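# Topology and contacts: notes
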Amino acid sequence: MQAVILAGGLGARLSEETTVRPKPLVEIGGRPILWHIMKIYAAHGIKDFIICLGYKGHLIKEFFASYALYLSDVTFDLGAGSVTTHRHEAEDWRVTLIDTGDATMTGGRLARVQKYISGELFCLTYGDGVSDLDIKASIEFHRKHGRKATVAAVYPPRRFGVLEMDGEHVTGFREKPKGEGGFINGGFFVLSRDVAGYIKGDETVWEEEPLQALAREGQLQAFRHEGFFQPMDTLRDRNYLEQLWSSGAAPWKCW
């Protein structure tokens, strides 16, 4: 089983960070959010990743090129031109990094990496959100229903409190109830290989015509998740995730 991660967008709403690096490299607890996402999948047994690069993708390549070295104790014998590794703590992941273009839309990025997907089923997610979703259970759910696509249905994060008013007089205040507004696309998919047929080219937005067509044809099922879900769209989101990690009780940490 492989996981495809979309990591090529501009991250314009997080420009405080993304002017110098792609959003998937923005750090939470000293590690890129991309690393956190991969750790979630690895905890569920998925350790083969295909990462769709775009904006500043060379920095993601540089991160993985030096990642194992940073986590190792080594001796460099400059005279002999050799390197001896004494301690190696990098994860046993297989990571394929594919340049899918700076301006390519999400569906186009998926189409560009299709030839690197080896199985009949694969996972797809974005490089900027974390959750305590049971990925194993979502895969099993997909296998049982037999359709082409499964999307995690989640409640949107509670951002604003609700004012109770009588005219201009505020009579009460309450936090926005969980689940108000219904389920949304949680960005964690399990897909059958032939969803590629719904993508026309680089300009295809995965969340538009492909998903709409799959829904019309009865080929899209929702895996309900009522637990933690948090995208990192803004600096506020990033700071919130950092606070959760620093507390020692980050809900998405399942490893």
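Residues numbered from 1 in each chain as written. Predicted model: local features only at pLDDT ≥ 70, side-chain atom pairs only at ≥ 80, totals over all residues. Heavy atoms only, no water.

### Here's the deal with the layout of surface pockets
Roughly 810 Å³ of volume is contained in the largest pocket. What lines the largest pocket is a set of 34 residues, and nearest its centre among them are R13, K23, Y126, D128 and D233. Ranked by the residues each element gives to the lining of the largest pocket, the list is headed by strand β13 (residues 184-192), at five residues. Its residues assigned to classes, the lining of the largest pocket comprises 15 nonpolar, eleven polar and eight charged. (1 Å grid on protein atoms, 1.4 Å probe; cavity = no way out; pocket = protein on both sides within 12 Å on 5 of 7 lines; lining within 4 Å. Points joined across faces, edges and corners; volume = space filled by probe spheres on them. Helix = DSSP H or I, 4+ residues; strand = E, 2+ residues; numbered from the N terminus. Nonpolar A, V, L, I, M, F, W, Y, C, P; charged D, E, K, R; others polar.)

### What to know about the environment of G129
Tracing the backbone shows G129 in strand β9 (residues 129-131). Given a relative accessible area of 8%, G129 falls into the buried group. Here the alpha-carbon distance between G129 and H88, two residues 41 residues apart in the chain, equals 28 Å. (Buried < 20%, exposed > 50% of the residue type's maximum accessible area, 1.4 Å probe, protein only.)

### Side note on the pattern of salt bridges
Following the criterion strictly, the structure yields twelve salt bridges and no others. Residue D233 pairs with R13 through a salt bridge whose shortest N-O separation is 3.8 Å. Here the residue D233 occupies a position in the loop between β15 (229-231) and α7 (235-246), and R13 occupies one in the loop between β1 (2-7) and α1 (15-18), the gap between them amounting to 220 residues. Accessibility expressed as a relative area gives 59% for R13, which makes it exposed. For K23, the salt bridge goes to D128, with nearest N and O atoms at 2.8 Å. (Salt bridge = Lys/Arg side-chain N within 4 Å of Asp/Glu carboxyl O.)

### Some remarks on helix α3 (residues 57-70)
The terminal C-alpha atoms of α3, which comprises 14 residues, lie 20 Å apart, in line with the 20 Å expected from a rise of 1.5 Å per residue. Of all the residues in α3, the buried ones are G57, I60, F63, F64, S66 and Y67. Where the residues of α3 are buried, they touch β1, β3 (31-32), α2 (33-43), β4 (48-53) and β7 (94-99). (Expected span 1.5 Å × (residues − 1). Contact = heavy atoms within 4.5 Å.)

### Quick notes on the packing of aromatic side chains
Summed over the entire model, instances satisfying the criterion amount to twelve aromatic pairs. In this structure an aromatic cluster arises from ring pairing among W35, F228, W245, W252 and W255. It is R31 that lies over the ring of W35; its NZ or CZ is 4.6 Å from the centre. (Phe/Tyr/Trp six-rings, centres within 6.5 Å; stacked < 30°, edge-to-face > 60°. Lys NZ or Arg CZ within 6 Å of the ring centre and 35° of its normal.)

### As for the sheet that holds strand β10 (residues 149-154)
Sheet architecture is open: seven strands sit in the order β7-β4-β1-β8-β13-β10-β14, paired in mixed fashion. Of all the strands in the sheet, just β7 and β14 (220-225) have a single pairing partner and so form its edges. Sheet twist, expressed as the mean angle between neighbouring strand axes with direction ignored, is 25 degrees. Bridge count between β10 and β13: five bridges; the pairing is antiparallel. Counterpart to A153 in the pairing with β13 is N185. Helix-sheet contacts for helix α5 (residues 135-145) involve β8 (121-126), β10, β13 and β14, and the interaxial angle to β14 is about 150 degrees. (Pairing = 2+ DSSP bridges. Axes fitted to C-alpha atoms, helices over the stretch in contact; angles between N-to-C directions.)

### What about unusual backbone geometry?
Its identity is not glycine, yet K56 carries a phi of approximately 50 degrees, on the positive side. As for its position among the elements, K56 is in the loop between β4 and α3. On the basis of relative accessible area, K56 is assigned to the partly exposed category, the value being 25%.

### Points about the side chain of D128
Counting through the fold element by element, D128 comes out in the loop between β8 and β9. D128 sits in the buried class, given a relative accessible area of 17%. A polar contact of 2.8 Å, which involves the side chain of D128, links it to the side chain of K23. When near neighbours in sequence (up to four residues on either side) are disregarded, D128 contacts K23, I33, I37, Q230, P231, M232 and D233. (Polar contact = N/O pair within 3.5 Å; in protein donor to acceptor, adjacent residues only side chain to side chain.)

### Focus: a nonpolar patch on the surface
A surface patch of nonpolar side chains, amounting to about 610 Å² of accessible area, comprises L69, Y70, F76, L78 and V83. When you line up the elements, L69 lands in helix α3. For L69, a relative accessible area of 42% gives the class partly exposed. (Patch = residues over 30% accessible without salt bridge, like charges linked within 9 Å, V, L, I, M, F, W, Y side chains within 5 Å. Areas by Shrake-Rupley, 256 points an atom, 1.4 Å probe, with all protein chains shown as cover.)

Read these as layout, nothing more, since geometry by itself doesn't imply function.
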